[in-house]
Amino acid sequence: MNYWLIKSEPDEYSYQDLAAEADAGRWTGVRNYAARNHLRGMKKGDLALFYHSRKGLEVVGICEAVKEAYPDPTAEKGDWSAVDFKAIKPLKKPVPLSDIKAEPSLQEMPLVRIGRLSVMPVTKEEFEKVLEMGETKHP
DNA sequence: GCCAACGTTGGC
DNA sequence: GCCAACGTTGGC
């Protein structure tokens, strides 16, 4: 079991959009090699924090990988990957980036260190700490 | 809207 | 193969 954090601009694809999907939502559009390689490392059943970038700037919910990396159908050329996720549960209280930056145990997260990375691994400890800050128990 | 950080591209 | 220039992302 691995843990991840995925980012999306809520104007493009929000957690609410993912939660509204009948089955699972397709995570496409990654055009960054580091992020793509992380996508390919995901296994079915892995859990991910869903973060709203640009607008919101907060972790809003938890989702689960239900289909492992496959060729991104939105990529006209190049070697890119997509992963399917389903929403598990929203956080009772979204955890803003400012709180993550203020939490000493979360300073090593790529979210804090490498702002532009859109898919990143997080440790079990980091994952659970964010859930605790969002007052949601481990699903 | 601006600017910093990072990745990618292209000239040499 | 190096490095400068450019483009994109994302926080502020």
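Everything that follows concerns the structure shown earlier in this document.
This is a predicted model, so every value here is computed, not measured.

Enquirer: Residues and numbers for helix H5 (residues 124-133), please.
Expert: Taken together, the buried positions of H5 are Glu126, Phe127, Val130, Leu131 and Met133. On an axial view of H5, the arc spanned by its buried residues comes to 165°, and they lie on one face. Facing away from the buried side of H5, by more than 90 degrees, are the exposed residues Glu125 and Glu132. Next to the buried residues of H5 lie strand E1 (3-8), strand E3 (47-52), strand E4 (58-71), strand E5 (81-96), helix H3 (97-102) and strand E6 (119-122). Glu135 lies just past H5 and shows a positive phi near 60°.

Enquirer: Could you give an account of the protein's contact with DNA strand B, naming the residues involved and the relevant values?
Expert: With respect to spatial proximity, the complete set of residues near DNA strand B consists of Asn32, Tyr33, Arg113 and Arg116. For DNA strand B, the fraction of protein-proximal atoms (within 4 Å) that sit in sugar or phosphate groups is 58%. Per-class residue counts for the surface near DNA strand B are 1 nonpolar, 1 polar and 2 charged.

Enquirer: Tell me about helix H2 (residues 33-40), and name the residues and values.
Expert: Taken as a whole, H2 has its buried residues at Ala35, Arg36 and Leu39. With its buried residues spanning 100° around the axis, H2 presents them on a single face. Tucked inside the fold, the buried residues of H2 contact strand E2 (25-27), E4, E5 and E6. If you check the start of H2, you find a side-chain oxygen 3.0 Å away from the backbone N of Ala34, and it comes from Asn32.

Conventions and cut-offs
Residues numbered from 1 in each chain as written. Chains lettered and ligands numbered in written order. Predicted model: local features only at pLDDT ≥ 70, side-chain atom pairs only at ≥ 80, totals over all residues. Heavy atoms only, no water. Buried < 20%, exposed > 50% of the residue type's maximum accessible area, 1.4 Å probe, protein only. Helix = DSSP H or I, 4+ residues; strand = E, 2+ residues; numbered from the N terminus. Arc of directions from axis to C-beta. Contact = heavy atoms within 4.5 Å. Near = heavy atom within 4 Å. Nonpolar A, V, L, I, M, F, W, Y, C, P; charged D, E, K, R; others polar. Polar contact = N/O pair within 3.5 Å; in protein donor to acceptor, adjacent residues only side chain to side chain.

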